[in-house]
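Structural description and commentary
Take a look at the letters that make up each chain.
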Amino acid sequence: MAHTGIRSFRSEISRDVYEEAWLTVMAGKGHRRVHLIRNGRRIMVMDFNNDDFDVWNYIKEAVNREGYVSAVLRSMTEEMHPKKKEPFMEVRGFLLYKKDSKIYWEMISAQDMMDAMQHDAVTGKKIKADPLDIYCGADGECLDYMGRSIVFVKKANPLYGH
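Residues numbered from 1 in each chain as written. Predicted model: local features only at pLDDT ≥ 70, side-chain atom pairs only at ≥ 80, totals over all residues. Heavy atoms only, no water.

Points about the side chain of Asp-144
Mapped onto the elements, Asp-144 comes out in the segment after strand 9 (142-143). Here the side chain of Asp-144 touches Met-146 through a polar contact of 2.9 Å, landing on its backbone nitrogen. Among all residues touching Asp-144, those that are not within four sequence positions of it are Met-114, Asp-133, Ile-134, Tyr-135 and Ile-150. (Helix = DSSP H or I, 4+ residues; strand = E, 2+ residues; numbered from the N terminus. Polar contact = N/O pair within 3.5 Å; in protein donor to acceptor, adjacent residues only side chain to side chain. Contact = heavy atoms within 4.5 Å.)

The following block contains the structure:
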């Protein structure tokens, strides 16, 4: 299902930032990665290269220039891996594109996201899966690194109802 606008995309991203997340935007041959930190209702964006970097404007300009961009959101959860003692990461993928002078975005399915993250982008060869990754799609389905359906019970956020 296609959604319209950067504002709508920003809202979707913000729903899936619990405390900390990393957003990587791939445009043309380049990419930018930002650190997202929840501060109450607000999401603070910190760029690794430039504190004044506006990721939302970057996305808008890149879509207008390239015609499309892809983005990956990695959100740290409160759930800890029992052996590694590190938090699981929810991984979501998005495609943003321009059509009829408007910007649209779609979320990539959990299965497609898992397949993409477990293959080398250049060679197509399968790479070692990260057991901390949980792949989530638009339909609400989440898959663990082995492709098994998984459900986390998230603690309620009083500001957002999740």
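Quick word on the pattern of salt bridges
Opposite charge on two side chains allows them to pair when their charged atoms are near. Scanning the model with the defined rule gives seven salt bridges in all. In this structure, the salt-bridge partner of Glu-12 is Arg-15, at a minimum N-O distance of 2.8 Å. Pair noted here: Glu-12 and Arg-15 are both in helix 1 (residues 6-15), with a separation of three residues, about one helical turn. Classification of Glu-12 as buried rests on a relative accessible area of 14%. A salt bridge links Asp-16 to Arg-92, with the nearest nitrogen and oxygen atoms 3.3 Å apart. Here Asp-16 is found in the loop between helix 1 and strand 2 (20-27), whereas its partner Arg-92 is found in strand 6 (residues 87-99), with 76 residues between them in sequence. With respect to class, Asp-16 is no different from Arg-92; both count as buried. (Salt bridge = Lys/Arg side-chain N within 4 Å of Asp/Glu carboxyl O. Buried < 20%, exposed > 50% of the residue type's maximum accessible area, 1.4 Å probe, protein only.)

Comments concerning the confidence of the model for the protein chain
On average, residues of the protein chain score 87 in pLDDT, and 91% of them are at 70 or above. Between the elements of the protein chain, mean pLDDT differs from a low of 84, seen in strand 1 (residues 3-4), to a high of 95, seen in strand 7 (residues 102-107). Across residues 155-162, where pLDDT falls below 50, the model places 13 contacts with residues more than four positions away in sequence or in other chains. (pLDDT = per-residue confidence, 0-100.)

Overview of the packing of aromatic side chains
Going through the model one piece at a time under the given rule, you end up with six aromatic pairs. Ring plane angle 80 degrees and centroid distance 5.2 Å describe the contact between Phe-9 and Phe-94, whose orientation is recorded as edge-to-face. Remark: Phe-94 occurs in strand 6 and Phe-9 occurs in helix 1; sequence separation between them is 85 residues. When the ring of Phe-53 is compared with that of Tyr-58, the centres are 5.4 Å apart and the planes differ by 55 degrees; the resulting orientation is tilted. The exposure class of Tyr-58 is buried, given its relative accessible area of 17%. (Phe/Tyr/Trp six-rings, centres within 6.5 Å; stacked < 30°, edge-to-face > 60°.)

Some words on the state of the cysteines
Under the defined criterion, the tally for this structure stands at one disulfide. One disulfide bridge connects Cys-136 with Cys-142, the sulfur atoms lying 2.4 Å from each other. Between Cys-136 and Cys-142 the disulfide shows an S-S torsion of about 110 degrees. By sign, it is right-handed. Assessed through its relative accessible area of 1%, Cys-136 is described here as buried. (Disulfide = S-S within 2.5 Å.)

Examining the pairing of strand 6
Judged from the 10 bridges that link them, strand 5 (residues 68-80) and strand 6 form a sheet pairing that is antiparallel. Pairing of Ala-71 across the sheet is with Phe-94, part of strand 6. Linkage of strand 5 to strand 6, two consecutive antiparallel strands, is achieved through a turn of six residues, within which Lys-85 is found at a positive phi near 60 degrees. Summarising the sheet, strand 6 and strand 8 (residues 133-136) pair through three bridges and their orientation is parallel. Directly across from Met-89, in strand 8, lies its bridge partner Asp-133. Sheet analysis places strand 6 next to strand 7, joined by six bridges and oriented antiparallel. Within strand 7, the position partnered with Lys-99 by the bridge is Lys-102. Between the end of strand 6 and the start of strand 7, which pair antiparallel, lie two residues, with Asp-100 showing a positive phi angle near 50 degrees. (Pairing = 2+ DSSP bridges.)

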